[in-house]
Amino acid sequence: MNTKKNIFICYKKCSTCKAVQNMLDAQHITYEIREIDKDTPTQEELLTWHKQAGIPLKRFFNTSGLVYRNLGLKDKLATMSIAEQLDLLASNGMLIKRPIFLKGTDVYVGADVKKYLASREE
C-alpha cells in the first residue's frame, strides 16, 4: 500500500492551477495543497523531482512569468550549471512552473498534470 500523500503544488491566484484543482476534485483524488509562493520547494526537492520526472530542468522554470523575464533568464539558462539553476528556482517560487502534482514517485509539471488527469478520464 502506498502511504505517500499526493501533493498539489500551486499558486492560488493561477487560473490554470484552479482548473487543475477542479479536475482533481472531480476525479475524487485526495491531495494536500502546497502553495508555491509560501512554501517554495528546496534545491533538494527540485533535484529529486527533476530526476523522477525525467524531464529537462528548464521545464521547471515558469518561462512565461514576470520574474523569469525580468531576470533575462531566456538567454542565461543555457550557460548556468544545474546547481545554479536549482539555487535560482529555490530562491523564488514564482520562478517555478506550476502546477506540480506529486503522486508517489511520479512527478507531473505544468501541462503534464492536465494530460495525466485527462488520461485517467478515458
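Cut-off values and rules
Residues numbered from 1 in each chain as written. Predicted model: local features only at pLDDT ≥ 70, side-chain atom pairs only at ≥ 80, totals over all residues. Heavy atoms only, no water. Helix = DSSP H or I, 4+ residues; strand = E, 2+ residues; numbered from the N terminus. Buried < 20%, exposed > 50% of the residue type's maximum accessible area, 1.4 Å probe, protein only. Core = buried A, V, L, I, M, F, W, Y, C linked by side-chain atoms within 4.5 Å. Disulfide = S-S within 2.5 Å.

Draft legend 1. Representation of unusual backbone geometry. Cis rather than trans, the peptide bond between arginine 98 and proline 99 has omega equal to -5 degrees. Along the chain, the position of proline 99 falls in the loop between helix H5 (82–91) and strand S3 (100–103). Not every positive phi belongs to a glycine, and histidine 28 is a case in point at roughly 55 degrees. Considering the arrangement of structural elements, one finds histidine 28 in the loop between helix H1 (15–26) and strand S2 (32–35). Of the residues examined, histidine 28 reaches a relative accessible area of 70% and is grouped as exposed.

Draft legend 2. Summary view of the nonpolar core. If you look at the biggest cluster of nonpolar residues, it comprises 36 residues, and the most contacted ones within it are Phe60, Ile100 and Phe101. Of all the secondary structure elements, the ones that give two or more residues to this core are strand S1 (7–10), H1, helix H2 (43–53), H5, S3, strand S4 (106–109) and helix H6 (111–121). With 4 residues, H1 is the largest single contributor of residues to this core.

Draft legend 3. Spotlight on the state of the cysteines. A full pass over the atoms with the stated rule returns 0 disulfides. Free cysteine cysteine 10: the closest other cysteine sulfur is in cysteine 17, separated by 5.2 Å. This cysteine, cysteine 14, is not joined by any disulfide, and cysteine 17 carries the nearest cysteine sulfur, 3.4 Å off. Judged by its relative accessible area of 13%, cysteine 14 falls in the buried class.

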